[in-house]
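# Coordinate analysis (summary)
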Amino acid sequence: PEECAVFQCRGCRAVLGDSLHLCAQEERRLGLLACLRECCRAGAARGARGAAVTPSLFAGVTRDVACEESQMIGLEGALLGCTFNALSCRSCGLTVGFVLYSAFSDLAYLRGFFCFFKDSILCYLLKNKMIIEASKVKFPALSLKE
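Residues numbered from 1 in each chain as written. Predicted model: local features only at pLDDT ≥ 70, side-chain atom pairs only at ≥ 80, totals over all residues. Heavy atoms only, no water.

The name given to the protein in an unreviewed UniProt entry is Protein yippee-like, and the organism recorded there is Nothocercus julius. Within the UniProt record for the protein, the comment given under Function (unreviewed entry) is "Required for recruitment of CENPA to centromeres and normal chromosome segregation during mitosis." (UniProt positions renumbered as here; feature names shortened; annotations may be inferred.)

### What about the sheet that holds strand S12 (residues 121–125)?
With antiparallel pairing, the four strands of this open sheet are ordered in space as S2-S1-S12-S13. The two strands at the open ends of the sheet, each matched to only one other strand, are strand S2 (15–18) and strand S13 (130–133). Geometrically, the sheet is characterised by an average inter-axis angle of 30 degrees between neighbouring strands, direction not taken into account. Relative to S2, strand S1 (residues 5–9) is paired through three bridges, and the arrangement is antiparallel. The residue bridging Val6 from the neighbouring strand is Asp18, located in S2. (Pairing = 2+ DSSP bridges. Helix = DSSP H or I, 4+ residues; strand = E, 2+ residues; numbered from the N terminus. Axes fitted to C-alpha atoms, helices over the stretch in contact; angles between N-to-C directions.)

Below, the structure is given as structure tokens:
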């Protein structure tokens, strides 16, 4: 694909994932890139429609992404009332995103996906061999809403 990129931690440039496993660019209000990977909570992984998915299909996020075991509840902003597990970089500890566990219907399609905050990651563009802020990269339109 033309726009292949590697996602890196903004704090230390550890590799966190890649655009080949990007499944959605979310919302202007949250500024997210949603990637595939096995959910960090116990049990079967679930796809966008709640169907069980074989864990070997998930490979877009590296082991440098740590998923916190304890769940958090959003107390403000777009995640108000949502339950999620925070994602952080194993190398430097920077919070880079979350895995949504429960949400209102407008965000429910993101449940179970690894959601990176665009302002916490950099993109290394393979074609151009350059690093750019993720918030400035426009990937092809993808949507989980159906």
